[in-house]
Amino acid sequence: MRPLWIYLLQGKRYGEINSNVAESFNAWIKDTRHFPITKMIDVIRVKLMKTFAERAEDAKKWNTVLCPKMDKKLQEAVKEVRS
């Protein structure tokens, strides 16, 4: 018997499909392109640190190991398999 989480992730990668990560990243850092390279890298580093800190704070509020969206999908998959 396959583990239940296999049914949740079939054909998907964490519920999102992104075919162009580089394009998304470039759009996220577009305001840093005019800086010299060392300043640009430092600004990107600070942006990443802020994003990671915000996500860590959000994750502290979770009641489960999975994020709420994936936990809901897992619970639905478990319910479907059991019925």
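Analysis parameters
Residues numbered from 1 in each chain as written. Predicted model: local features only at pLDDT ≥ 70, side-chain atom pairs only at ≥ 80, totals over all residues. Heavy atoms only, no water. Patch = residues over 30% accessible without salt bridge, like charges linked within 9 Å, V, L, I, M, F, W, Y side chains within 5 Å. Areas by Shrake-Rupley, 256 points an atom, 1.4 Å probe, with all protein chains shown as cover. Salt bridge = Lys/Arg side-chain N within 4 Å of Asp/Glu carboxyl O. Helix = DSSP H or I, 4+ residues; strand = E, 2+ residues; numbered from the N terminus. Buried < 20%, exposed > 50% of the residue type's maximum accessible area, 1.4 Å probe, protein only. Expected span 1.5 Å × (residues − 1). Contact = heavy atoms within 4.5 Å. Polar contact = N/O pair within 3.5 Å; in protein donor to acceptor, adjacent residues only side chain to side chain.

Student: Quick one: what's the story with a nonpolar patch on the surface, residue by residue and with numbers?
Tutor: Together, F25, W28, L48 and F52 line one region of the surface with nonpolar side chains, adding up to about 360 Å² of accessible area. Put simply, the parts of the chain that give the nonpolar patch at least two residues each are helix 2 (21-28) and helix 3 (37-60). As for its position among the elements, W28 is in helix 2. The class for W28 is partly exposed, based on a relative accessible area of 31%.

Student: Before we move on, could you go through helix 3 and cite the residues and values that matter?
Tutor: Under the 1.5 Å per step criterion, the end-to-end length of helix 3 is 35 Å for 24 residues, consistent within 8% with the ideal 34 Å. What helix 3 keeps buried is the set M40, V43 and I44.

Student: Let's hear about the environment of W62: which residues, and what values?
Tutor: Residue position: W62 is located in the loop between helix 3 and helix 4 (68-82). Residue classification places W62 among the partly exposed positions, given a relative accessible area of 33%. Contacts of W62, omitting those with residues within four sequence positions, involve C67 and P68. Within polar-contact distance, the side chain of W62 engages the backbone oxygen of D58 at 3.4 Å.

Student: Residues and numbers for the pattern of salt bridges, please.
Tutor: Taken as a whole and assessed by the stated rule, the structure comprises three salt bridges. Here K47 ties to D31 by a salt bridge, and the two come within 3.7 Å at their closest N and O atoms. Of this pair, K47 sits in helix 3 while D31 is found in the loop between helix 2 and helix 3, placing the two residues 16 residues apart along the sequence. Among the residues examined, K47 registers a relative accessible area of 22% and is labelled partly exposed. With a relative accessible area of 46%, D31 lands in the partly exposed category. K60 is the salt-bridge partner of E57, the closest N and O atoms lying 3.2 Å from each other. Placement of the pair is E57 and K60 together in helix 3, with a separation of three residues, close to one helical turn.

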